Every structure is written in C-alpha cells, then in structure tokens.
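Fold and geometry: a report
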Amino acid sequence: MSNSTVAADRYQEVTVLKKANVYFEGKVTSRTILFADGTKRTLGIMMPGDYEFGTDVKELMEIQAGKLDILLPDQTEWLSIEGEGEFYVPANASFKLRVHEVTDYCCSYIAE
C-alpha cells in the first residue's frame, strides 16, 4: 500500500471514518478504515447472538478474539472459531454467524 502501513497488529497512515456502522440493534458495530490505495477494512465487535450478513465483494473475516460458528454459502456444516481465526466469503453471497461470546473482528473487502 502506497502511503499506508500494515503491520500484524496495527494500521498506520489511514483514514478512519467517525460514523459507526451499527447492525442488529447495536449488537454488531464497526468502524471503517480507508487506505491510500483505495482499499477498505472495518474493525468491529459482535455481541452474542445469531446474525446473517450479505456481501457485495469478496470478504476476508479475521477473528482477533472470541467464539463463534460460521455457516458459509452453499455449506451444510458450521465452522467453529475460538480465539483467533479467519474465513473468506465470496462476493454476492450471504453467510450466518452464531456468536457465543464477544468477538473482535477485522473485515477486509477484496475487489477482484
């Protein structure tokens, strides 16, 4: 990334949008981070609950901490993450989450 720096645990030289993204009556929230090269990520928190999300572009969900189950598109078996983990969701798809404890996440939007 041209004027942005990405390290394992931090982002530098980025723009953070002040307005929060709030879903499911505040049980899922995030903040949008914009990078100099035009890429976008969100950093957020999910409270325990069952959720369904849709995607416009391919997404990488990086779980920083928490416990949840994921049902990806066209799958019948739920995946489980406890602690750290990641998963991809294709563009123009929906996926389900069962969040068992407060979960910290980073979502990267991948233009293809």
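Below you will find a few notes about this structure. (Residues numbered from 1 in each chain as written. Predicted model: local features only at pLDDT ≥ 70, side-chain atom pairs only at ≥ 80, totals over all residues. Heavy atoms only, no water.)

The next point concerns the state of the cysteines. Within this structure, the stated rule accounts for 0 disulfides. Not part of a disulfide, Cys106 finds its nearest cysteine sulfur in Cys107, a span of 7.3 Å. (Disulfide = S-S within 2.5 Å.)

The next thing to look at is the pairing of strand β5 (residues 28-34). Bridge count between strand β3 (residues 15-16) and β5: 2 bridges; the pairing is antiparallel. Paired with Val16 across the two strands is Ile33, which belongs to β5. In this sheet, β5 lies alongside strand β4 (residues 21-23) in antiparallel orientation, the contact comprising 3 bridges. Bridge pairing in β5 places Val22 opposite Thr29. With antiparallel pairing between neighbouring strands as the criterion, β4 and β5 make up a hairpin whose turn holds 4 residues, including Phe24 at a positive phi of roughly 50°. Where β5 lies against strand β6 (residues 40-46), 7 bridges are found, and the strand directions are antiparallel. Bridging from a neighbouring strand, Ile33 pairs with Arg41 of β6. (Pairing = 2+ DSSP bridges. Helix = DSSP H or I, 4+ residues; strand = E, 2+ residues; numbered from the N terminus.)

Along the polypeptide, Arg41 turns up in strand β6. This buried residue, Arg41, is left without a salt bridge; Glu62 holds the nearest opposite charge, at 5.3 Å. Of the polar contacts made by the side chain of Arg41, one reaches the side chain of Tyr11; its length is 3.0 Å. (Buried < 20%, exposed > 50% of the residue type's maximum accessible area, 1.4 Å probe, protein only. Lys, Arg positive; Asp, Glu negative; His and termini not counted. Salt bridge = Lys/Arg side-chain N within 4 Å of Asp/Glu carboxyl O. Polar contact = N/O pair within 3.5 Å; in protein donor to acceptor, adjacent residues only side chain to side chain.)

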